[in-house]
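# Reading the structure
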Amino acid sequence: MQTLADMVHAFRLYAVCDPCHRVALVDLDTLIARNGGDYPIERVRMRLKCESCGKRSQAIRIVYVGPEGRASGFRYARNSQPPTVDRNC
Ligand SMILES: [Zn+2]
């Protein structure tokens, strides 16, 4: 089972709300400080609740950013905008 410690060095976690399409970056550093590195991702998912509509979507996206992504991109961790997907409408 994947834990917070498995994720924090090379991955970003985004909580996704299907009803309102809100996407929020999950703050792994804060979760580890609060729950410890052994805390399972599955339990994070179970506890997700949309701040916008209040629904429990329990959907997450895991984005690989690589070990360097953390060192060079810490400022991005404070940016709640997810990577966008281009669509031709
Ligand atoms: Zn929502």
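Keep in mind it's a predicted model, so treat the numbers as computed, not measured.

What follows deals with the pairing of strand β2 (residues 23–26). In this sheet, β2 lies alongside strand β1 (residues 11–16) in antiparallel orientation, the contact comprising four bridges. Residue A15 lies in a different strand from β2, and its bridge partner there is A24. Count of turn residues in the β1/β2 antiparallel hairpin: six residues, of which H21 carries a positive phi of about 60°.

Let us now look at the sheet that holds strand β3 (residues 59–64). Across the sheet, which stays open at both edges, the three strands sit in the order β2-β1-β3 with antiparallel pairing between neighbours. Strands at the two margins of the open sheet, each flanked by one partner only, are β2 and β3. Here the strands of the sheet are splayed against their neighbours by 30° on average, with no regard to which way each runs.

Here β1 runs beside β3; their pairing, made up of six bridges, is antiparallel. Counterpart to R12 in the pairing with β3 is V63.

This part covers unusual backbone geometry. With phi around 60°, H21 is a residue other than glycine that occupies positive phi space. Checked against the element boundaries, H21 lands in the loop between β1 and β2. The residue Q58 is not glycine, and still its phi comes out positive at about 55°.

Reading the values: rules and limits
Residues numbered from 1 in each chain as written. Predicted model: local features only at pLDDT ≥ 70, side-chain atom pairs only at ≥ 80, totals over all residues. Pairing = 2+ DSSP bridges. Helix = DSSP H or I, 4+ residues; strand = E, 2+ residues; numbered from the N terminus. Axes fitted to C-alpha atoms, helices over the stretch in contact; angles between N-to-C directions.

Keep in mind these numbers describe shape, not what the thing actually does.
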